[in-house]
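# Results of the structural survey
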Amino acid sequence: MVETGGQRRFRQRVLWASTGTKDPKASDTLYVGALAAPDTVNTMPEATLLAFADHGRVPNALPADGGDCESVLDHFARVGIDAVGLAGQLQREGAEAFVASWNDLMLCIQSKAHAVNAGAGA
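Residues numbered from 1 in each chain as written. Predicted model: local features only at pLDDT ≥ 70, side-chain atom pairs only at ≥ 80, totals over all residues. Heavy atoms only, no water.

### Some details on the overall build of the protein
- Helix and strand content of the protein: 4 helices and 4 strands.
- Traced from its N-terminal end to its C-terminal end, the protein shows the element sequence β-β-β-α-β-α-α-α.
- Radius of gyration (C-alpha) of the protein: 20 Å, far over the 14 Å computed for a compact globule of 122 residues.
- Oriented by its inertia axes, the alpha-carbon framework of the protein measures out at about 65 × 45 × 35 Å.
- For the protein, buried positions account for 7% of its 122 residues.
- Between the mean site of the 10 positive side-chain charges and the mean site of the 14 negative ones, the protein shows a separation of 4 Å. (Helix = DSSP H or I, 4+ residues; strand = E, 2+ residues; numbered from the N terminus. Rg over C-alpha atoms; globule rule 2.2 N^0.38 Å. Buried < 20%, exposed > 50% of the residue type's maximum accessible area, 1.4 Å probe, protein only. Lys, Arg positive; Asp, Glu negative; His and termini not counted. Charge placed at Lys NZ, Arg CZ, Asp CG, Glu CD.)

This is the structure:
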């Protein structure tokens, strides 16, 4: 929470979701170190957390002020990358993946509840 001018405001934080490495040729902590930044949240899988605790490093945490992000985004635009469109696509795909996981979890709970109820009635 941040207070400015007597008002309380909540700072939105970046969420890095499921930052486990999928490529077996890459470091098992690749994204943890590469995406480390102040005030961020990382929902890494347990295997990644354990690997990072064992041998992970954060060689260069992203700066709190964004560093050279403006020049990087300008470069993306010059080479034809639509950063706004890409961000929207990633947000949609991420939300869809979380909804699918939530629905799978609800089906699993429902199935287990039915099994428990069926066993209780027998």
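Next, the rest of the story.
### Details of a negative patch on the surface
- A cluster of acidic residues, Asp65, Asp68, Glu70 and Asp74, forms a negative patch at the surface.
- For Asp68, a relative accessible area of 51% translates into the label exposed. (Patch = residues over 30% accessible without salt bridge, like charges linked within 9 Å, V, L, I, M, F, W, Y side chains within 5 Å. Areas by Shrake-Rupley, 256 points an atom, 1.4 Å probe, with all protein chains shown as cover. Salt bridge = Lys/Arg side-chain N within 4 Å of Asp/Glu carboxyl O.)

### Comments concerning the layout of surface pockets
- Roughly 1300 Å³ of internal volume is contained in the largest pocket.
- Among the secondary structure elements, those contributing two or more residues to the lining of the largest pocket are strand 3 (15–17), helix 1 (30–34), helix 3 (69–78) and helix 4 (83–121).
- When its residues are assigned to classes, the lining of the largest pocket shows 21 nonpolar, 9 polar and 7 charged. (1 Å grid on protein atoms, 1.4 Å probe; cavity = no way out; pocket = protein on both sides within 12 Å on 5 of 7 lines; lining within 4 Å. Points joined across faces, edges and corners; volume = space filled by probe spheres on them. Nonpolar A, V, L, I, M, F, W, Y, C, P; charged D, E, K, R; others polar.)

### Overview of unusual backbone geometry
- For Ser18, which is not a glycine, the phi torsion comes out positive at approximately 50 degrees.
- With respect to the helices, strands and loops of the structure, Ser18 is situated in the loop between strand 3 and helix 1.
- One non-glycine residue, Asp39, lies in positive phi territory at about 60 degrees.
- Structurally, the position occupied by Asp39 is in the loop between helix 1 and strand 4 (41–43).
- The partly exposed category is assigned to Asp39, whose relative accessible area is 45%.

### What about the side chain of Thr19?
- Positionally, Thr19 belongs in the loop between strand 3 and helix 1.
- The class for Thr19 is buried, based on a relative accessible area of 6%.
- Looking at Thr19, its side chain comes within polar contact range of the side chain of Asn42, at 2.6 Å.
- Dropping the residues within four chain positions of it, Thr19 is found in contact with Tyr31, Val32, Leu35, Asn42, Thr43, Met44, Pro45 and Thr48. (Polar contact = N/O pair within 3.5 Å; in protein donor to acceptor, adjacent residues only side chain to side chain. Contact = heavy atoms within 4.5 Å.)

### Details of a nonpolar patch on the surface
- Judged by side-chain polarity, Val72, Leu73, Phe76, Val79, Ile81, Leu86 and Leu90 come together as a nonpolar surface patch covering roughly 570 Å² of accessible area.
- Going through the elements one at a time, helix 3 and helix 4 are the ones with two or more residues in the nonpolar patch.
- If you tally residues by element for the nonpolar patch, the top one is helix 3, at 3 residues.
- Relative to the helices and strands, Leu90 is located in helix 4.

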